[in-house]
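Listed below are the residues making up each chain.
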Amino acid sequence: MLPYTEAANPITADIDISNPKEIVKKLEECDKEMFSPKGLDKEKTLFSEDILRAMVKVAEVAKKLIFQSDSGKSLIIMSGCGTSGRIAFMMARTFNRFLKLTEKKFAYTIAGGDQALFTSQEAPEDDRETGKNDLIKACEGRSQILYIGITCGLSAPYVAGQLNHCMENPEKFTPVLLGFNPVRLARDLPIYGWQKTFLKVAQELELLSEDDKAFLINPVVMGEAVTGSSRMKGGSMTKIILETIFLLSTAASDFSISECKKILKLYEETCKLFYESASNAVSSWMSWTAHSFNADGHLYYVGSNGAGVLGIIDATECPPTYGATLDDVRGFICGGYPEYENNEGDLGQLGENYRINSDDLAELLGRGPDAVKHDTLIIVAVGLTDPVLKELQENKKLGSSIKNVAGKDVAEKMKVGVVLLLEKDAQLPELPSFLSEIFVIRLPISDEVTPNTACSFLTSTGAERLKKSLFECCAKWFYNGTSTGAHVRKGKVYKNFMVDLKVSNQKLFHRSIGIIKRFSPGISEDEARNFLLRSIYEVDDVDMTLSSSSILTHIMAAAPKDKVCPWETFSVPFSITSLGSL
Ligand code: F6P
């Protein structure tokens, strides 16, 4: 059986031939499965007793570590690869800011280091030794650690190395595995230079979890809208689970399964309200962005705080998923690196794609209206005091550069607009007329679902934090919907499979073989592998030397290349580019 995280979701089987409104509808149905997947009686899902219990237990451990008297010695560390590592970073940032303690209580590691926060670094995912060493370094000077290893597929060797290290040092670590497959479907493939597989590590951890010496949080959320694209539901569910755990541990005096459930229900309600009020905005921006992509233009996001971070996260995942260039989708944040607060600080010297400040976006727009006329810029603002709104209202650096490119009275110009996430009763702010579109998404729609009323067990600052987190989820769904839909419309998805993925690590190598097999009925695994190698090495015959080389060798050969997965060669009579025109 395929792991749930790699399975094709029937809801989106024809997403590639759907119009924007239909695409949003399908994304909505997929996202709702996070909370109530259908037909899964035998699997653990979000509201299963086991999952809620594990979340509460982890929240109790976290609370103890945060507030115990010798707290200088304790640390909560989250870790993962790709989007999982980026959400780990975001959660550490959020809760360090929320607690405002002089000594940071939350930390993160990500495969590939901080570069991976801004550009995709796929190969380090396979390196369990570096995972272990990164963890050891991050924990220097701390003796009591809650470690949360995030891997949606229960597959990343980087995380396996860390979990294993935790289990070897039980006096120091409480390990938690967070992902979205049952343990039996964890990856059972060899990890370079190791006798264990991820499955083996997960089974050991499961055993320890029987005595609460470790914890497993692995609800099934069903297949992603674009098969295997765990940046979507996987990333959202990771954020929701971690926020719920840390809100309980930092902002609730007393809690049990019932409080945990109340917070989760609020996320579920928010998801429903988001799609009720934002579907038009998402489908419109998706169309405009597809239009930009088809004219070789770009998509830019800019926002502040969590909404800014999430725009950058969304952009980062487009190259490995859709074969996009680093410039196709970019995110920017008001305040730049000092606001980002990543471990390694300002990485701007590494190049253009590491420049994340809204002022950098202003400079880019400074190239003039003609240079950006095919581009789309989406400004996402949360609440009336969002700094990105001030940029526009006070005509600051970003505001005036946008005015310069969008305020001209010419036929073709950059599409620029604002998505405003506002509270139900908030007044509409004054905004400059050069913004082509303003969408307002209001939450909550009814009074029963405010954090203050539904979660009165939270402190008032906790309820405020929860509100921000709910808005951030909306921002994430908005970004994911826009960039996913636009790539679908560009023809980067066949049925619901990413067919222009980068073959840049073990998981993506095996995913590519799966895609070739699926679209070439009747061929064996070996034949599919052979076709992939032919494409990677650009040869007609795969000789013994090639076929016996390691997967690592193949990945190193494939990673720098574009359009490696030869899915369309064998059975479908059209190519990627002939699909999805507007
Ligand atoms: O290797 C690519 C990738 O699939 C990313 O898209 C994803 O965010 C990352 O791996 C992490 O995957 P997982 O959470 O399953 O370990």
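For the structure, see preceding data.
Here is what the cut-offs are and how they apply
Residues numbered from 1 in each chain as written. Predicted model: local features only at pLDDT ≥ 70, side-chain atom pairs only at ≥ 80, totals over all residues. Heavy atoms only, no water. Helix = DSSP H or I, 4+ residues; strand = E, 2+ residues; numbered from the N terminus. Rg over C-alpha atoms; globule rule 2.2 N^0.38 Å. Buried < 20%, exposed > 50% of the residue type's maximum accessible area, 1.4 Å probe, protein only. Areas by Shrake-Rupley, 256 points an atom, 1.4 Å probe, with all protein chains shown as cover. Lys, Arg positive; Asp, Glu negative; His and termini not counted. Charge placed at Lys NZ, Arg CZ, Asp CG, Glu CD. Expected span 1.5 Å × (residues − 1). Arc of directions from axis to C-beta. Contact = heavy atoms within 4.5 Å. Pairing = 2+ DSSP bridges. Axes fitted to C-alpha atoms, helices over the stretch in contact; angles between N-to-C directions. Core = buried A, V, L, I, M, F, W, Y, C linked by side-chain atoms within 4.5 Å.

A. A look at the overall build of the chain. What the chain contains, in helices and strands, is 20 helices and twelve strands. The globule rule puts the C-alpha radius of gyration for 582 residues at 25 Å, and the 23 Å found for the chain is close to it. In terms of overall dimensions, the chain has a C-alpha envelope of 65 × 65 × 50 Å along the principal axes. The buried share of the chain, taken over its 582 residues, is 61%. In the form shown here, the chain has an accessible surface area of approximately 22,000 Å², with 50% of it arising from carbon and sulfur atoms. Seen as two clouds, the 65 positive and the 76 negative side-chain charges of the chain have centres 2 Å apart.

B. Quick look at helix α6 (residues 198-209). The end-to-end C-alpha distance of α6 is 16 Å, a good match for the 16 Å that twelve residues give at a rise of 1.5 Å each. Within the span of α6, buried status applies to Phe198, Leu199, Val201, Ala202, Leu205 and Ser209. Around the axis of α6, the buried residues are gathered within 160° of arc, so they sit on the same side. In the core, the buried residues of α6 are packed alongside α5 (157-168), β4 (173-178) and β5 (215-217).

C. View of the sheet that holds strand β3 (residues 144-150). Strand order in the open sheet formed by five strands is β2-β1-β3-β4-β5, and the pairing between neighbours is parallel. Only two strands of the sheet have a single partner each, and these edge strands are β2 (106-110) and β5. Averaged over all neighbouring strand pairs, the angle between strand axes comes to 20°, with direction disregarded. In terms of strand pairing, strand β1 (residues 74-80) meets β2 through five bridges, oriented parallel. Within the sheet, the bridge partner assigned to Ser79 lies in β2 and is Thr109. Here α5 sits on the sheet and contacts β1, β2, β3 and β4; the angle it forms with β4, its principal contact strand, is near 150°.

D. Local environment of unusual backbone geometry. Unusually for a residue other than glycine, Lys100 sits at a positive phi of about 55°. Following the sequence through the fold, Lys100 ends up in the loop between α3 (83-99) and β2. Phi is positive for Asp212, close to 60°, though the residue is something other than glycine. Tracing the backbone through its elements, the reader meets Asp212 in the loop between α6 and β5.

E. How the structure looks around the nonpolar core. Of all hydrophobic cores here, the largest spans 140 residues; its most connected members are Met78, Ile148, Ile217, Phe246 and Phe478. Looking at which element gives the most residues to this core, the answer is helix α8 (residues 257-294), with 16 residues. Residues Leu75, Leu177, Val183 and Ala202 belong to the second largest nonpolar core, which totals 30 residues.

It is worth stressing that arrangement in space is one thing and function is another; only the former is reported here.
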